[in-house]
Amino acid sequence: MQTLPGMNLIAGRCGPILLTVFTILSKAHGDRNIYPSSGVLFVHVLEREYYKGEFPPYPKPGELSNDPITFNTNLMGYPDRPGWLRYIQRTPFSDGVLYGSPTFESVGKPTIIEITAYNRRTFETARHNLVINIMSGEDFPLPYQAEFFIKNMNVEEILASEILGDFLGAVKNVWQPDRLNAINITSALDRGGRVPLPINDMKEGVYVMVGADVPFSSCLREVENPQNQLRCSQEMEPAISCDKKFRAQFHIDWCKISLVDKTKQVLITQELMRGEGILPDAGEYKPPSETLKTRDYYIDFLITLAVPSAVALVLFAILAYIMCCRREGMEKRNMQTPDIQLVHHSAIQKSTKELRDMSKNREIAWPLSTLPVFHPVTGEMVPPLHTDTYDNTNMPLMQTQQTLPHQTQIPQQQNAGQWYT
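Cut-offs and rules
- Residues numbered from 1 in each chain as written.
- Predicted model: local features only at pLDDT ≥ 70, side-chain atom pairs only at ≥ 80, totals over all residues.
- Heavy atoms only, no water.
- UniProt positions renumbered as here; feature names shortened; annotations may be inferred.
- Helix = DSSP H or I, 4+ residues; strand = E, 2+ residues; numbered from the N terminus.
- Buried < 20%, exposed > 50% of the residue type's maximum accessible area, 1.4 Å probe, protein only.
- Contact = heavy atoms within 4.5 Å.
- Areas by Shrake-Rupley, 256 points an atom, 1.4 Å probe, with all protein chains shown as cover.
- Disulfide = S-S within 2.5 Å.
- Core = buried A, V, L, I, M, F, W, Y, C linked by side-chain atoms within 4.5 Å.

With an unreviewed UniProt entry as reference, the chain is termed Epsilon-sarcoglycan, source organism Eleutherodactylus coqui. Quoted verbatim from the Function (unreviewed entry) field of the UniProt record, the comment on the chain reads "Component of the sarcoglycan complex, a subcomplex of the dystrophin-glycoprotein complex which forms a link between the F-actin cytoskeleton and the extracellular matrix." You can read under Sequence similarities (unreviewed entry) in the UniProt record for the chain the words "Belongs to the sarcoglycan alpha/epsilon family."

Next comes the structure, spelled out in structure tokens:
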């Protein structure tokens, strides 16, 4: 088709504007609709390659874009996802995965999930909506459900279609059902498990629940044997005949397997007697009317306080009578005590008092520095430094120099040539 010169001119002038409009429109993709079935495992992968076109490329031409991208998922109008939907992304350079088992209560109600992609290099965001239209499963719920714990797998590994298909194939060989489907997958961390050590072969583990339409096989029933239950209580691995069919790829913890028979649960619920406190299936809760008489709790309050107070008062009176009115006293005690025993007791007290008085005036030899000496000039006897009543127990080993009344002063020469004593 031939183009006019005016059209080329308009295209040349409007090229940047059209490019900008195209870029804006490219970020406003339409909602994606998916149709999972209730009671069946739902898996949706958030591919990084799909969102790379939302962000500008690297400044260098020809360089491959490998930006770190993380995702945030939430129910539209709410800060978090529905209770049945989980999300996992190990690193900013791996894809995110939405997975879970839709509930029967959500059938026919579109669930809109807002997906926000964050580019950790440019700090730009892109938002898409994922519309989950939950359909009603025709062959569900499957009455016989078994939950396996796989020790050597992480949740994102088992979510891969080929690995999950291999596991369902191994279960089908053991169980031999007509219909078999994965119902739910749960990480061991969501069940209270601990993060494994940073070793290559250490995995966190994952729980996989499958459902079938036939009763459990004899191999699966071996877990309920008393011998295997005893081995599990002793933290030993039970002996399961069909374990070799899983061991090549999946390490099953047979002590944590759970077998649920929905048919027995239905029979139990049907035998439930409806009576007071149990509403009928189509019933509604009706609160009490406002015409009910109010109850006065004043008497109950008084009884609650009066009875313990009375008991405490009686016990206090009995204790006071025993402590104050039943004391014998020293006179009655002396009257009931033999005279010879009182004499012995008095003699012991007197002897103890004398020993204590004598211990205060002990005779200790005085040091030589404290003995009487003659004055070197007058010849008079100088008394000791301390009297007899002085407490010599605190006497220092070396006496300090003190000026006694009869001690001779050594003359000292002054600056003016005078002497003084």
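Let's shift gears to the overall build of the chain. Along its length, the chain carries eleven helices and 15 strands. Burial analysis of the chain (421 residues in total) assigns 27% to the buried set. For the chain, the proportion of contacts with a sequence separation of at least 24, taken over those separated by at least 6, is 66%. Accessible surface, the chain: about 31,000 Å² in total, of which carbon and sulfur atoms supply 58%.

Here we take up the state of the cysteines. Summed over the entire model, instances satisfying the criterion amount to two disulfides. At a sulfur-sulfur separation of 1.5 Å, the disulfide partner of Cys219 is Cys242. Linking Cys219 and Cys242, the disulfide has an S-S dihedral of approximately -70° and is accordingly described as left-handed. Here Cys219 is found in helix 5 (residues 218–221), whereas its partner Cys242 is found in the loop between helix 6 (226–233) and helix 7 (244–247), with 23 residues between them in sequence. For Cys219, a relative accessible area of 8% puts it in the buried group.

Okay, the UniProt feature "transmembrane region" (unreviewed entry) in the chain next. Residues annotated in UniProt with the feature "transmembrane region" (unreviewed entry) correspond here to residues 297–324. Taken end to end, residues 297–324 comprises 96% helix and 0% strand; its first and last C-alpha atoms sit 40 Å apart.

Formed by 38 residues in total, the largest nonpolar core has its most connected members in Phe148, Ile158, Phe167, Trp175, Val210 and Trp254. At the level of secondary structure, the elements contributing two or more residues to this core comprise strand 5 (96–100), strand 8 (144–150), helix 3 (155–158), helix 4 (161–175), strand 9 (180–187), strand 10 (206–212) and helix 5. When residues in this core are grouped by element, the largest group, eight residues, is from helix 4. Apart from residues lying up to four places away in sequence, Phe148 is in contact with Phe167, Val171, Val206, Tyr207, Val208, Val210, Leu220, Ile252, Trp254 and Ile257. Core analysis: the second largest hydrophobic core is formed by 18 residues, Tyr51, Tyr87, Ala117 and Ile134 among them.

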